[in-house]
Amino acid sequence: MTNPPTITDFETIARRVFETIPAPFAGHLGDIVLRIEDWPALEILDHFEMTSPYQLTGLYQGIPIGEKSQWAPPSGEGDTITLYRRPLLAEMAQTGVTLDALIRHVVIHEVGHHFGLSDADMHAIEDSVED
């Protein structure tokens, strides 16, 4: 790949995915900050006991909707979804899956965490949906 997609390209694709999320879910996504970074930080990899930065393509950081309280003091940190550009490009090259499809999968997965779903919950949902 001579000119790999830029951070701006990733953001454009991810924002299109956000626009396709149906109501009533879309109404709970307005405050999420979308970030695109080349690589996950070492501290994040350590936290998830990952040995390679290629293992993490996206991350939700925040308090899931079901755990938020209107009476809790603001933490100062909002909800963030981060996509990791270089691991996603590597996965695209390795699998042949389009970048749009990979970004869609990761964004929806991280939005699932925003709604309090576990990885196991999301895998079960994915397995139950027919293409």
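Scroll up for the structure.
For every chain, the first residue of the written sequence is number 1, and numbering continues from 1 along that sequence. Per-residue local features are limited, in this predicted model, to residues with pLDDT of at least 70; the limit for side-chain atom pairs, both in listing and counting, is 80 or more; totals at the level of whole chains, interfaces and linings are taken over all residues. As a rule here, side-chain values cover all heavy atoms of the structure and leave hydrogens and water aside.

Some details on the sheet that holds strand β3 (residues 80–84)
By definition, two strands form a pair when at least two bridges between them are found by DSSP. Secondary structure elements are taken from DSSP: a helix is a run of H or I of four residues or more, a strand is a run of E of two residues or more, and numbering for both begins at the N terminus. Across the sheet, which stays open at both edges, the 3 strands sit in the order β1-β3-β2 with mixed pairing between neighbours. The open sheet has two edge strands, β1 (33–37) and β2 (58–61), and neither has a second partner. Neighbour-to-neighbour, the strand axes of this sheet turn through a mean angle of 20 degrees, independent of strand direction. By the bridge criterion, 4 bridges tie β2 to β3 in an arrangement that is antiparallel. Following the sheet pairing, Leu-59 is matched in β3 by Thr-82. Relative to the sheet, helix α1 (residues 7–20) contacts β1 and β3, its axis offset from that of β1 by approximately 145 degrees. Only C-alpha atoms enter the line fits that serve as axes; for helices the fit covers just the stretch in contact. Angles between N-to-C directions range over 0 to 180 degrees. Contacts are assigned to residue pairs with any non-hydrogen atoms lying within 4.5 Å of each other.

Comments concerning unusual backbone geometry
Across the junction of Ala-23 and Pro-24, the peptide omega takes the value 5 degrees, indicating a cis bond. For Pro-24, the location among the structural elements is in the loop between α1 and β1. A positive phi angle is found at Glu-49, which is not glycine, with a value near 55 degrees. Examined against the element boundaries, Glu-49 turns out to sit in the loop between α2 (42–47) and β2.

A few points about the packing of helix α3 (residues 85–95) against helix α4 (residues 99–114)
Any two packed helices are characterised by the angle at which their axes cross and by the distance between the axes. Two elements in contact, α3 and α4, have axes separated by 10 Å at closest approach and are oriented at 125 degrees. If you check the angle between α3 and α4, you find them oblique. When you trace α3 past α4, the crossing you get is right-handed. Of α4, the residues touching α3 (which contributes Leu-88, Glu-91 and Met-92) are Leu-99, Leu-102, Ile-103 and Val-106. Gly is put with the polar residues, along with every residue not named as nonpolar or charged; the nonpolar set is Ala, Val, Leu, Ile, Met, Phe, Trp, Tyr, Cys and Pro, and the charged set is Asp, Glu, Lys and Arg. Partitioning the contact of α3 with α4 into residue classes produces 6 nonpolar, no polar and 1 charged. Should an angle lie under 35 degrees it is considered roughly parallel, over 145 roughly antiparallel, and from 65 to 115 roughly perpendicular; all remaining angles are considered oblique. Here is the rule for handedness: rotate from the far helix to the near one, and if that takes an anticlockwise turn smaller than a right angle the crossing is left-handed, while a clockwise turn gives right-handed.

By themselves, these observations are geometric and do not establish any function.
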